[in-house]
Amino acid sequence: MDIRRRPPKPPVHPNNRYLDNRTDDDLINPKASDALPLPLYLTNAVFFTLFFSVAYYLLHRWRDKIRYNTPLHVVTITELGAIVALIASFIYLLGFFGIDFVQSFISRSDSDSPDSDRDFLVDDHRLVTCPPNPPPPSIVVSKSEPPLPEEDEEIVKSVLDGVVPSYSLESRLGDCKRAASIRREALQRLTGRSIEGLPLDGFDYDSILGQCCEMPVGYIQIPVGIAGPLLLDGYEYSVPMATTEGCLVASTNRGCKAMYVSGGATSTVLKDGMTRAPVVRFASARRASELKFFLESPENFETLAVVFNRSSRFARLQSVMCTLAGKNAYVRFSCSTGDAMGMNMVSKGVQNVLEFLTEDFPDMDVIGISGNFCSDKKPAAVNWIEGRGKSVVCEAVIRGETVNKVLKTSVASLVELNMLKNLTGSAIAGSLGGFNAHASNIVSAVFLATGQDPAQNVESSQCITMMEAINDGKDIHISVTMPSIEVGTVGGGTQLASQSACLNLLGVKGASKEAPGMNSRRLATIVAGAVLAGELSLMSAIAAGQLVKSHMKYNRSSRDISSGATTTTT
């Protein structure tokens, strides 16, 4: 497919759709100055002056409105006229310079390109939306399967020779599936190793372009199991878990059963706010402290919120916390993000505030948009104490009879084990937010199934499990407190077909139509409820001495898969 920019209706060679027979006359295009009543230099001077003067005026008015808390959408007649003039001058300048630039770009591209079969490859590395095309034959490495088409063979050789960058295949070919297939074959020839077991067919590569993964060569298969029903807050959920660990789904399912027959669990979202913390530097610590006092002053919060909230209709600034390290200031912004996980949203809001602060603090040097005080994808005490994403507590009361019959242990054994293992043992180990048996197991499995960021399992798995005997020791109260569950139901991997199906199974697919953020908060409570079930079951297995026996039975395989690692023969 030829995706180069061409003049209107170019003649195409009848025997090759990738070559054309354009002449010099075909490259003659009208110039922007042909329709101007004034001399060109006068017209350019007028529009240049108009553009920059109007832009300066609007920026000056914008700054005044922010300082005096005037709504930005309220404009005067003068401001409206200035906006029209700015748009008109911008259109003129874009048209004037844009036509010449495109003409020169096309002419240079045509004169430099060799007259070969690879002429259809272009120097356009922008991400493009690949149109749906019929899937081409799969690239295979087996001797028994047919060879590559001659056209694709040429492209593979170009990739191996370094003529065509592998990362640009999607934009050059306009076919994401074909690009992945060619890249896959080039990889096998380059490494001499087969990836025949890595599937290529059956995946929508258009859906990940510019969103989820670059330079794809296939996709991995992770089985998805269902635990449940999880009875949580009066609703039943079938929880999808993507994992390769035996016993995990079965164990969580047993915990769900014990909770179900005991009346289910209840959950509460304590806080909902994503964070980002840039690091800035001043010439002195005194100057850095002035920024801290300015940001944490209640009088300035409304102004900062107006600037921050411009980034999105869902972003709402909640708090600003600043701490110093010498002359360096770390500013932790927290905001609500609707049903999105919200990292990009909060980052855009922080960028707006930093640009605004340079007016009052021109000596502020922005070192980085993230200074690790956020703290993202790392275990951190600030997340454990202050929370990040959704802070959730989930609890249940399990009757003693259920503990004995379903979980095969006793209330006293569970309480003692929890104190010595999850609390005391984790304290001896110096754990940070790891006062639990295996919360990350369940969090990772649900994250993979529902399209969350797997790396955020680090802070999302911070959890403390509490167990207490109640009703004169007959029953047990169990709870999990998780201050940093970072989930979303829109954006990122949630858009993929498989992950979207799992979200739909839970009833939290996409943005909530009832209230912004309701679906993502519900997903966070489901994660906490599943963790509660997993904690209950695993702790019972350990207390009853069944852990090793269960894993030896269900988490062992006698199947020989060593033959899968073979060498490519080409």
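Residues numbered from 1 in each chain as written. Predicted model: local features only at pLDDT ≥ 70, side-chain atom pairs only at ≥ 80, totals over all residues. Heavy atoms only, no water.

(A) Main features of the overall build of the chain. What the chain contains, in helices and strands, is 17 helices and 11 strands. Looking at the chain as a whole, 44% of its 570 residues qualify as buried. Intrachain contacts of the chain at a sequence separation of at least 6 include 72% that bridge at least 24 residues. Summed over its atoms, the accessible surface of the chain is roughly 29,500 Å², and 57% of this surface lies on carbon and sulfur atoms. (Helix = DSSP H or I, 4+ residues; strand = E, 2+ residues; numbered from the N terminus. Buried < 20%, exposed > 50% of the residue type's maximum accessible area, 1.4 Å probe, protein only. Contact = heavy atoms within 4.5 Å. Areas by Shrake-Rupley, 256 points an atom, 1.4 Å probe, with all protein chains shown as cover.)

(B) Main features of helix 16 (residues 518-543). Taking 1.5 Å per residue as the helical rise, helix 16 with its 26 residues ought to reach 38 Å, and the 37 Å between its terminal C-alpha atoms agrees with that figure. Burial analysis of helix 16 places 21 of its 26 residues in the buried class, the great majority of the element. Gly-545 sits one or two positions beyond helix 16 and adopts a positive phi of about 70°. (Expected span 1.5 Å × (residues − 1).)

(C) Local environment of the packing of aromatic side chains. Applying the stated criterion to the full structure yields 10 aromatic pairs. Measuring from centroid to centroid gives 4.1 Å for Phe-47 and Tyr-92, while their planes differ by 20°, and the two rings are stacked. Highlighted residues: Phe-47 in helix 1 (residues 40-67) and Tyr-92 in helix 2 (residues 77-112), separated in sequence by 45 residues. On the basis of relative accessible area, Phe-47 is assigned to the partly exposed category, the value being 23%. Judged by relative accessible area, Tyr-92 falls into the buried class, the value being 15%. Relative to Phe-52, the ring of Phe-51 lies with its centre 5.2 Å away and its plane at 85°, an arrangement referred to as edge-to-face. What makes Phe-52 exposed here is its relative accessible area of 51%. Following the ring pairs from residue to residue traces out a cluster consisting of Phe-48, Phe-51, Phe-52 and Phe-90. (Phe/Tyr/Trp six-rings, centres within 6.5 Å; stacked < 30°, edge-to-face > 60°.)

(D) Seen up close, the layout of surface pockets. The space that makes up the largest pocket amounts to roughly 1,400 Å³. Forming the boundary of the largest pocket are 48 residues, of which Cys-212, Gly-451, Gly-493, Leu-496 and Gln-499 lie nearest the centre. Listing elements by their share of the lining of the largest pocket, those giving two or more residues are helix 9 (343-360), helix 13 (439-450) and helix 15 (497-506). (1 Å grid on protein atoms, 1.4 Å probe; cavity = no way out; pocket = protein on both sides within 12 Å on 5 of 7 lines; lining within 4 Å. Points joined across faces, edges and corners; volume = space filled by probe spheres on them.)

(E) Quick look at the side chain of Asn-436. Here Asn-436 lies in the loop between strand 9 (434-435) and helix 13. A polar atom in the side chain of Asn-436 sits 3.0 Å from the backbone nitrogen of Ala-439. From its side chain, Asn-436 meets the backbone oxygen of Cys-463 in a polar contact 2.9 Å long. (Polar contact = N/O pair within 3.5 Å; in protein donor to acceptor, adjacent residues only side chain to side chain.)

(F) A look at the nonpolar core. In this structure, Met-241 and Val-531 are the most contacted members of the largest nonpolar core, which totals 52 residues. Take this core: its biggest share by element is 12 residues, from helix 16. Those residues in contact with Val-531 that sit more than four places away from it in its chain are Ala-439, Ile-442, Val-443, Cys-463, Val-480 and Met-482. In this structure, Leu-295, Leu-304, Ala-305 and Met-364 belong to the second largest nonpolar core, which totals 31 residues. (Core = buried A, V, L, I, M, F, W, Y, C linked by side-chain atoms within 4.5 Å.)

(G) Layout of a nonpolar patch on the surface. A grouping of Val-75, Leu-80, Ile-83, Val-84, Ile-87, Phe-90, Ile-91 and Leu-94 is seen on the molecular surface, where their side chains present a nonpolar patch of about 730 Å² in accessible area. Tracing the chain through its elements places Val-75 in the loop between helix 1 and helix 2. (Patch = residues over 30% accessible without salt bridge, like charges linked within 9 Å, V, L, I, M, F, W, Y side chains within 5 Å. Salt bridge = Lys/Arg side-chain N within 4 Å of Asp/Glu carboxyl O.)

(H) Expanded view of the packing of helix 3 (residues 150-160) against helix 5 (residues 176-191). Close contact between helix 3 and helix 5 brings their axes to 9 Å; oriented N to C, the two are set at 55°. By the criterion of interaxial angle, the relationship of helix 3 to helix 5 is oblique. In terms of crossing hand, the pair formed by helix 3 and helix 5 is right-handed. Residues Glu-151, Asp-152, Glu-153, Ile-155, Val-156, Val-159 and Leu-160 of helix 3 lie in contact with helix 5, whose contacting residues are Arg-178, Ile-182, Glu-185, Ala-186, Arg-189 and Leu-190. Of the residues that constitute the contact of helix 3 with helix 5, the class distribution is seven nonpolar, no polar and six charged. (Axes fitted to C-alpha atoms, helices over the stretch in contact; angles between N-to-C directions. Parallel < 35°, antiparallel > 145°, perpendicular 65-115°, else oblique. Left-handed = near helix turned anticlockwise from the far one by under 90°. Nonpolar A, V, L, I, M, F, W, Y, C, P; charged D, E, K, R; others polar.)

(I) Representation of helix 5 in the model. Here helix 5 spans 22 Å end to end across 16 residues, near enough to the 22 Å set by a 1.5 Å rise per residue. Within the span of helix 5, buried status applies to Cys-176, Lys-177, Arg-178, Ala-179, Ala-180, Ser-181, Ile-182, Arg-183, Arg-184, Glu-185, Ala-186 and Gln-188. Buried positions along helix 5 lie against helix 3 and helix 4 (169-173). If you check the start of helix 5, you find a side-chain oxygen 3.2 Å away from the backbone N of Lys-177, and it comes from Asp-175.

(J) Spatial organisation of the pattern of salt bridges. Under the criterion given, the structure shown has 20 salt bridges. With a closest N to O distance of 3.2 Å, Lys-65 and Glu-79 form a salt bridge. With Lys-65 in helix 1 and Glu-79 in helix 2, the pair connects residues that are 14 residues apart, well separated along the chain. Between Arg-388 and Glu-486 there is a salt bridge whose closest N-O contact spans 2.9 Å.

(K) Representation of the pairing of strand 5 (residues 316-325) within the structure. As judged from the nine bridges shared by strand 5 and strand 6 (residues 328-336), these two strands associate in the antiparallel manner. When the sheet's bridge partners are listed, Ala-325 is paired in strand 6 with Asn-328. Count of turn residues in the strand 5/strand 6 antiparallel hairpin: two residues, of which Gly-326 carries a positive phi of about 70°. (Pairing = 2+ DSSP bridges.)

(L) Expanded view of the state of the cysteines. If you walk through the whole model with that rule in mind, you get zero disulfides. Of the cysteine sulfurs around Cys-212, a residue in no disulfide, the closest is that of Cys-213, at 8.1 Å. Cys-463 takes part in no disulfide bond, and the closest cysteine sulfur to it belongs to Cys-394, at a distance of 9.9 Å. (Disulfide = S-S within 2.5 Å.)

(M) Focus on the confidence of the model for the chain. Scored by pLDDT, the chain comes out at a mean of 85, with 81% of its residues at no less than 70. Note on residues 1-28: pLDDT is under 50 here. Beyond four places in sequence and across chains, it has 51 contacts. Counting interchain partners and residues more than four positions distant, the pLDDT-below-50 stretch residues 136-146 has 23 contacts. (pLDDT = per-residue confidence, 0-100.)

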